[in-house]
Amino acid sequence: MAPSEYELRLRERLGRLRNVPLLGGAKLSGELQRLQRQLDRIAEEPSGDDIWRSVELARHAHRPYTLDYVERLLDDWFELHGDRRRADDGAMVAGLGKLGGRTIVLVGQQKGRDIQERTRRQFGMPYPEGYHKAIRAFELAERHGFPIVSLVDTPGAYPGVAAEQHGQGGAIAASQAAMARLTVPTVACVIGEGGSGGAIAIAFADRVLMQENAIYSVISPEGCAAILWRDAGEAKKAAAAFKPDAAHCLELGVIDGIVPEPAGGAHIDYREAARLLGEALREAFDDLEGVPGDELRRRRRARFRSLGVFA
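Moving on, we get to the environment of Ser150. By the secondary structure assignment, Ser150 is in strand β4 (residues 148-154). In this structure Ser150 touches Val107, Val187, Ala188, Cys189, Ile202 and Ala203, once residues within four positions along its chain are discounted.

All right, on to empty space enclosed by the protein then. Using a probe with the size of a water molecule, rolled over the atoms, empty space left in the structure can be pinpointed. Applying the stated criterion to the full structure yields 1 cavity of 30 Å³ or more. Looking at the largest cavity, its volume works out to about 40 Å³. Along its surface, the largest cavity is lined by Tyr69, Val70, Leu73, Leu74, Leu99, Ile104, Leu106, Val149, Leu151 and Leu281. For the lining of the largest cavity, the secondary-structure elements that each account for two or more residues are α4 (66-73), β3 (102-109) and β4. Ranked by the residues each element gives to the lining of the largest cavity, the list is headed by α4, at 3 residues. Taken together, the residues of the lining of the largest cavity break down into 10 nonpolar, no polar and no charged.

Applying the stated criterion across every chain, the model contains 2 aromatic pairs. Judged by centre distance (4.5 Å) and plane angle (15 degrees), the ring pair of Tyr127 and Tyr158 falls under stacked. You can see Tyr127 sitting in the loop between α5 (115-120) and α6 (128-144) and its partner Tyr158 sitting in the loop between β4 and α7 (161-165), a full 31 residues away along the chain. Its relative accessible area of 19% is what places Tyr127 among the buried residues. Between Phe204 and Phe304 the ring centres are 4.2 Å apart and the planes differ by 15 degrees, which places this aromatic pair in the stacked class. Placement of Phe204 in the loop between α9 (196-200) and β6 (207-211) and of Phe304 in helix α14 (residues 293-306) is noted, with a sequence separation of 100 residues between them. Sitting above the plane of the Tyr65 ring, Arg113 keeps its charged end 3.8 Å from the centroid. The lysine or arginine in question, Lys237, covers the ring of Trp229, its NZ or CZ lying 4.8 Å from the ring centre.

How each quantity is defined
- Residues numbered from 1 in each chain as written.
- Predicted model: local features only at pLDDT ≥ 70, side-chain atom pairs only at ≥ 80, totals over all residues.
- Heavy atoms only, no water.
- Helix = DSSP H or I, 4+ residues; strand = E, 2+ residues; numbered from the N terminus.
- Contact = heavy atoms within 4.5 Å.
- 1 Å grid on protein atoms, 1.4 Å probe; cavity = no way out; pocket = protein on both sides within 12 Å on 5 of 7 lines; lining within 4 Å.
- Points joined across faces, edges and corners; volume = space filled by probe spheres on them.
- Nonpolar A, V, L, I, M, F, W, Y, C, P; charged D, E, K, R; others polar.
- Phe/Tyr/Trp six-rings, centres within 6.5 Å; stacked < 30°, edge-to-face > 60°.
- Buried < 20%, exposed > 50% of the residue type's maximum accessible area, 1.4 Å probe, protein only.
- Lys NZ or Arg CZ within 6 Å of the ring centre and 35° of its normal.

Quick look at the structure:
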């Protein structure tokens, strides 16, 4: 199979970096390793069964959620509640903590473990109030110069009538606009399901990562199958067609890197999954360190405007 345009660009960049003489304090070695890992991922073309396995693992009932990672990654965690407008949305978590000694603001969707918690957190699908809470956290980070981490894990924004009445579409757009204006470093990681506007609302970041068995797509496999074949039971065929897995998202340039998971999936070993995620987040922030805020904003906007554009 011929290499994709994205793979060719990666190889070109890798070649240029290898020819650059290393200076004192240069961080090129980490970038070289990151690019090589991405090329290795692209070379391993997943099959339809591999893609569906990623869908199943992304939805696994025991997969670590946002608060599981908060517990294992952050010190001095302080959670924020409420959107200062109407209510506190349980599906969206926001707060401050320390990641490796660096104070950050974290936002993320949170699913529930039992039926009571799932109901309270709307199965990880935020109402507009959840996105307003996220915007509140973004503004706090901007005011104090704190980097932002967003952990994406949602089937999508809540689809109910009440959510639409409260301005669901406008809230998603406002959250993206708030992230586009930020001058602090932002890193997003899809840790489970990255579903449609509900995901991109908090993933408009300088670096967008995905865990190895996460999925990221504009529609669920079941929704796609229902539209194309009028049968949600064809979800596996739909997933194989539009490829929401991490390897293909990397190949398309939708994400910047893949975060490895413990063998068998993140649910096998929470501690190791958190260690790997923390390592990837710290590496991303190290890469962004020293870039002026206006330049971060310019690059971020240019990057997202380029997505989906084909010559």
